[in-house]
Amino acid sequence: MAFLKGKKILIVGVANKFSIAAGIAEAMHTQGAEIILSYQSERLKNKVMQVGEKLNCVDYIECDVGNDDSIKNLVTSIENKWGYLDGLVHAVGFAPANELEGDFTEVATREGFKIAHDISVFSFTALAQATKKLMIGRNAALLTLSYLGAVRTLPNYNVMGVAKAGLESTTRYLANSLGKDDIRVNAISAGPVKTLAASGIKSFRKMLSYNASRAPLGRNITAEEVGNAGAFLCSDLASGITGEVLYVDAGFNITAMGNLTEAD
Ligand code: NAD
Ligand code: 0WE
């Protein structure tokens, strides 16, 4: 059963084939969705088109989510191409690298806070505002990507954790605001996945094995698994779900003392 058949969906946040957004695009394509991909800058266009070719993507549009004119252009292009929209995926996160290494109190800066919140949090609201007119009354759905660092502390995630807390709250406020237009808004809190955004992180491999050994499923999750859950949340199968944060993390978040191993 292709449960997204005929749905027109914009996906923001593909950088390459390892992106969580690429896993979401693939799952949505499998379920019959028509997809437009945006890319952050000319530098990433080729890689994004390589992902899109396999999924018969309809168009590729540049959008820097930190720039209002760029968001306007994106929405105008979609309006001209499709005239309406059934779904929007926001898989964007960024903080300056110096914020993501070291003790929070020592490394946090006002400028880093501003950038992290503008790009990782406000951009979801900005995209919702700009696309609302294309989605009203269509049982449309918005989806964003969060991480456990929103609700628990962990080493080095720092201002991104603060930003993800804001993003999860934004999910609830948008859900409440857009419910009257039959637009649902949800988040997936994904377990760690080795993507471009993760590749700059020191000891990410250690984090992957830590998570795998302590998660109830005894392994890490894949972008495809996030994709399947995302496809569901954006489909009419999830018509009763809004304002929700769904964990796709092999169960890691429900554990406290984990599974004691020889290493402990
Ligand atoms: P990724 O590097 O593949 O994707 C991040 C995307 O953000 C890139 O496509 C990049 O171009 C885009 N981006 C950054 N600044 C932008 C801007 N100004 N304008 C437009 N786009 C911009 O990495 P990913 O891990 O797939 O990240 C996608 C989302 O998933 C992020 O929100 C991230 O926080 C979240 N997430 C990642 C993990 C993980 O372990 N990889 C876990 C949970 C949640
Ligand atoms: O949300 C993320 C990644 C977010 C991210 C990554 C980077 C690296 C390069 C945001 N901004 C930047 N800026 C850069 O310059 N994740 C959930 C993956 C991630 O990142 C971590 C993690 C995990 C998990 C950073 C520290 C600790 C754990």
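Attention here is on the structure that accompanies the text. Just so it is clear, the structure is predicted and the values come from calculations on it, not from any experiment. In this numbering scheme, every chain counts its residues from 1 along its sequence in written order. For naming, the first written chain is A and the first written ligand is 1, with later ones following in the order written. Where local features are concerned, this predicted model is filtered to residues with pLDDT of at least 70; where side-chain atom pairs are given and counted, the filter is 80 or more; whole-chain, interface and lining totals use all residues. With hydrogens and water stripped out, all remaining heavy atoms of the structure feed into the side-chain values.

Topic: unusual backbone geometry
Non-glycine residue Asn 56 carries a positive phi angle of around 50°. Helical segments are the DSSP runs of H or I of at least four residues, strand segments are the runs of E of at least two, and each set is numbered from the N terminus. Considering the arrangement of structural elements, one finds Asn 56 in the loop between helix H2 (42-53) and strand E3 (59-62). Residue class for Asn 56 comes out exposed when judged on its relative accessible area of 59%. Residue Asn 158 is not a glycine yet carries a positive backbone phi of 45°. Considering the arrangement of structural elements, one finds Asn 158 in helix H6 (residues 158-178). Residue Asn 158 is classed as buried on the basis of its relative accessible area, which comes to 12%. Partly exposed residues are those whose accessible area sits between 20% and 50% of the maximum for their type, while under 20% is buried and over 50% is exposed, using a 1.4 Å probe and protein chains only.

Examining the site of ligand 2
Neighbouring residues of ligand 2: 15 residues in total, closest Ala 95, Pro 155, Tyr 157, Ala 197 and Met 207. The definition of a polar contact used here is a pair of N or O atoms within 3.5 Å, where within protein one atom must be able to donate a hydrogen and the other to accept one, and adjacent residues in sequence count solely through side-chain atom pairs. Taking Ala 95, its main chain carries an N or O atom lying 2.7 Å from a nitrogen atom of ligand 2. Computed on the free molecule, ligand 2 has an accessible area of 590 Å², of which 85% lies beneath the protein chains in the complex. Using protein atoms alone on a 1 Å grid, points that fit a 1.4 Å probe yet trap it form a cavity, whereas open point sets bounded by protein on both sides within 12 Å along at least five of seven lines form a pocket; residues with an atom within 4 Å of a point count as lining. For a cavity or pocket, the test is whether more than half of a molecule's atoms lie within 2 Å of its grid points; if they do, the molecule sits there. Placement of ligand 2 is best described as lying within the largest pocket. Each residue gets one label: Ala, Val, Leu, Ile, Met, Phe, Trp, Tyr, Cys and Pro are nonpolar, Asp, Glu, Lys and Arg are charged, and the others, such as Gly, are polar. In terms of residue class, the shell around ligand 2 is built from 13 nonpolar, two polar and no charged. For each residue, the test is whether any non-hydrogen atom lies within 4 Å of the molecule or strand; if one does, the residue is near. The Shrake-Rupley method, run with a 1.4 Å probe sphere, supplies the accessible areas, and residue values consider only the shown protein chains as cover.

Considerations on the sheet that holds strand E1 (residues 8-12)
At least two bridges found by DSSP between two strands is the condition for calling them paired. Across the sheet, seven strands lie side by side as E3-E2-E1-E4-E5-E6-E7; this open sheet has parallel pairing. In this open sheet, the two edge strands, each paired with only one partner strand, are E3 and strand E7 (245-248). Direction aside, neighbouring strands of the sheet carry axes that sit 20° apart on average. Alignment of strand E2 (residues 34-39) against E3, held across four bridges, turns out to be parallel. The residue of E3 that forms the bridge with Tyr 39 is Glu 62. To get an axis, a line is fitted to the C-alpha atoms, and for a helix only the part in contact is used. The angle between two axes follows their N-to-C directions and goes from 0 to 180 degrees.

Looking at the environment of Thr 109
With respect to the helices and strands, Thr 109 occurs in the loop between helix H4 (104-107) and helix H5 (110-135). On the accessibility criterion, Thr 109 (34% relative accessible area) is partly exposed. Separated by ten residues in sequence, Thr 109 and Glu 99 place their C-alpha atoms 7.6 Å apart. Polar side-chain contacts of Thr 109 include one of 2.6 Å to the side chain of Glu 99.

Description of the environment of Ala 165
Its location among the elements puts Ala 165 in helix H6. Each C-alpha atom, one on Ala 165 and one on Ala 150, is 4.3 Å from the other, the two residues being 15 residues apart in sequence.

Points about the layout of surface pockets
Grid points are joined across faces, edges and corners, and a volume is the space filled by probe spheres set on the points. The calculated volume of the largest pocket comes to roughly 1,400 Å³. Lining the largest pocket are 49 residues, and of these Gly 93, Phe 94, Thr 195, Ala 197 and Ala 198 lie nearest its centre. Only helix H1 (20-30), E2, H2, strand E5 (141-146), H6, helix H7 (196-199) and helix H8 (204-214) provide two or more residues apiece to the lining of the largest pocket. Counting residues per element, the lining of the largest pocket draws most heavily on H7, at three residues. A per-class count over the lining of the largest pocket returns 32 nonpolar, twelve polar and five charged.

Things to note about the site of ligand 1
In the vicinity of ligand 1 lie 26 residues, with Ser 19, Gln 40, Lys 164, Val 193 and Thr 195 positioned nearest. Contacts to ligand 1 include Ser 19, whose side-chain N or O atom sits 2.6 Å from an oxygen atom. If ligand 1 stood free it would expose 820 Å²; the protein chains cover 92% of that surface. Structurally, ligand 1 is housed in the largest pocket. Every element with two or more residues in the shell around ligand 1 is listed here: E5 and H7. Broken down by class, the residue content of the shell around ligand 1 amounts to 17 nonpolar, seven polar and two charged.

What to know about the side chain of Glu 99
Within the fold, Glu 99 resides in the loop between strand E4 (87-90) and H4. Residues scored as charged are limited to Lys and Arg (positive) and Asp and Glu (negative), so that His and the chain ends carry no count. Here, a salt bridge means any Lys or Arg side-chain nitrogen found within 4 Å of an Asp or Glu carboxyl oxygen. One buried charged side chain, Glu 99, makes no salt bridge at all; its nearest oppositely charged neighbour is Arg 110, positioned 11 Å away. Setting aside chain neighbours within four positions, we find Glu 99 in contact with Val 107, Ala 108, Thr 109, Gly 112, Phe 113, Asn 156, Asn 158 and Val 159. Two residues qualify as a contact provided that any one of their heavy atoms is within 4.5 Å of a heavy atom in the partner residue.

Description of the environment of Ala 27
Position of Ala 27 relative to the elements: it lies in helix H1. Between the C-alpha atoms of Ala 27 and Leu 55, which are 28 residues apart in sequence, the distance is 9.7 Å. Every residue in contact with Ala 27, bar those within four places of it in the chain, is listed here: Gly 227, Asn 228 and Ala 231.

Coordinates in, geometry out; function isn't part of it.
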